[in-house]
Amino acid sequence: MFQFCQTLRRLGLTTLIGSALFASAGAAAASVEILPCHGAPSAYRVLVTTQGVRTNHGYLVANLYGSDRRRWLADNGWLNVWRDPAIPGDETMCLYLPGPGRYALVMFHDANSNGVLDLGPFGPREGYGFSNNVRPFLSAPSLASALFAVGPGDTRISIRLRYPPIP
C-alpha cells in the first residue's frame, strides 16, 4: 500500500484518487488526502507544507533538528532525514516525531539527487527553507529563530523554498 501511495504522489494523483475513493462518504470527503507518514508511528506528527517546489527533478528533503544548538546545522547533527520525490508547487510531507518538544526543520530541493544541498561561493545552488520561514542574511539562521513547538496530535507548518537567482 505504501508503494502504491508513493507512486500516486509522484504522479500528482494523490488528492484525485483519495477524493474518488471516499466520495461516497459525503461532501467532506472531497478534502481527504492519502498521505503516508515517515518515521516510527507516534502521537506526535508534523505536517509540513513546502511551498514553491520548482520542478519534479530529484527529491524534497526534510532534515529534523532538536533543540541542542551544538548540533544545529552540524554534519550529521540532525535527528532524522526524510525525502520524497519532488512535486512542483506545494508539497506536504508527514513526519512522525519521537515526542513533544521544540524542533527545527530544514527543507531543501535536492534537484540533482546527490543527497546534499549543493553550495556555491555565494550560498546554496538549490532551493532551501527553514521552519518559521527564517530568512538567512550573510550566515545561517540561529536555531532559536527556527524552533517550533510540537505537542500531541498534528502540528502544521509551512516552509517557503528560496532558490538562487537563475543566471
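Before any of the text, the structure's been laid out above.
Note on numbering: residues in each chain are counted from 1, in written sequence order. In keeping with the model being predicted, local features are shown solely for residues with a pLDDT of at least 70 and side-chain atom pairs are shown and tallied solely at 80 or more, while totals for entire chains, interfaces and linings include all residues. As a rule here, side-chain values come from all non-hydrogen atoms in the structure, and water together with hydrogens is ignored.

1. Thoughts on the state of the cysteines
Throughout this description, disulfide means a covalent bond between two cysteine sulfur atoms.
Then step 1. In this description, the term disulfide denotes a pair of cysteine sulfurs within 2.5 Å. Counting across every chain of the model gives one disulfide.
Then step 2. Disulfide pairing places cysteine 37 opposite cysteine 94 at an S-S distance of 2.0 Å. Disulfide cysteine 37 to cysteine 94: torsion about the S-S bond roughly -70°, handedness left-handed. Taken as a pair, cysteine 37 in strand 1 (residues 37-38) and cysteine 94 in strand 5 (residues 89-96) lie far apart in primary sequence, 57 residues in all. Accessibility assignment for this pair places cysteine 37 and cysteine 94 in one class, buried. Strands are runs of DSSP state E lasting at least two residues, helices are runs of H or I lasting at least four, and both sets are numbered from the N terminus onward. Here the term buried applies to any residue with accessible area under 20% of the maximum for its type, exposed to any over 50%, and partly exposed to those in between, with areas from a 1.4 Å probe on protein chains only.

2. Some points on the layout of surface pockets
Then step 1. A 1.4 Å probe that fits but cannot get out identifies a cavity on a 1 Å grid over protein atoms alone, an open set with protein on both sides within 12 Å along at least five of seven lines counts as a pocket, and a residue lines either if it has an atom within 4 Å of a point. Grid points are joined across faces, edges and corners, and a volume is the space filled by probe spheres set on the points. By volume, the largest pocket amounts to about 1,000 Å³.
Then step 2. As for the largest pocket, its lining consists of 34 residues, of which Leu117, Leu119, Pro124, Tyr128 and Phe130 are closest to the centre.
Then step 3. Elements that contribute at least two residues to the lining of the largest pocket include exactly strand 3 (59-65), strand 4 (80-85), strand 6 (101-110), strand 7 (119-120), strand 8 (123-124) and strand 9 (128-130).
Then step 4. Split into classes, the residues belonging to the lining of the largest pocket amount to 22 nonpolar, six polar and six charged.
Then step 5. For the second largest pocket, the calculated volume is near 230 Å³.
Then step 6. Taken together, 12 residues line the second largest pocket, and the ones lying closest to its centre are Arg54, Arg125, Glu126, Tyr163 and Pro164.
Then step 7. When its residues are assigned to classes, the lining of the second largest pocket shows six nonpolar, three polar and three charged. Residues are grouped as follows: nonpolar covers Ala, Val, Leu, Ile, Met, Phe, Trp, Tyr, Cys and Pro; charged covers Asp, Glu, Lys and Arg; every other residue, Gly included, is treated as polar.

3. Section: the sheet that holds strand 1
Then step 1. In this analysis, strands are considered paired if DSSP registers two or more bridges between them. Taken together, the four strands give an open sheet; going across it, the order is 1-5-2-11, and neighbouring strands pair in mixed fashion. Strands at the two margins of the open sheet, each flanked by one partner only, are strand 1 and strand 11 (153-160).
Then step 2. The sheet contact formed by strand 1 and strand 5 spans two bridges and is parallel. In the sheet register, histidine 38 faces strand 5, and the bridge partner there is leucine 95.

4. Brief notes about unusual backbone geometry
Then step 1. One non-glycine residue, serine 113, lies in the positive phi region at around 55°.
Then step 2. Tracing the chain through its elements places serine 113 in the loop between strand 6 and strand 7.
Then step 3. Taking the relative accessible area as the measure of exposure, serine 113 reaches 38% and is therefore partly exposed.
Then step 4. Phi at asparagine 133 takes a positive value of approximately 50°, unusual for a residue other than glycine.
Then step 5. Mapped onto the secondary structure, asparagine 133 falls in the loop between strand 9 and helix 3 (143-146).
Then step 6. Looking at asparagine 133, the relative accessible area reads 29%, which means it is partly exposed.

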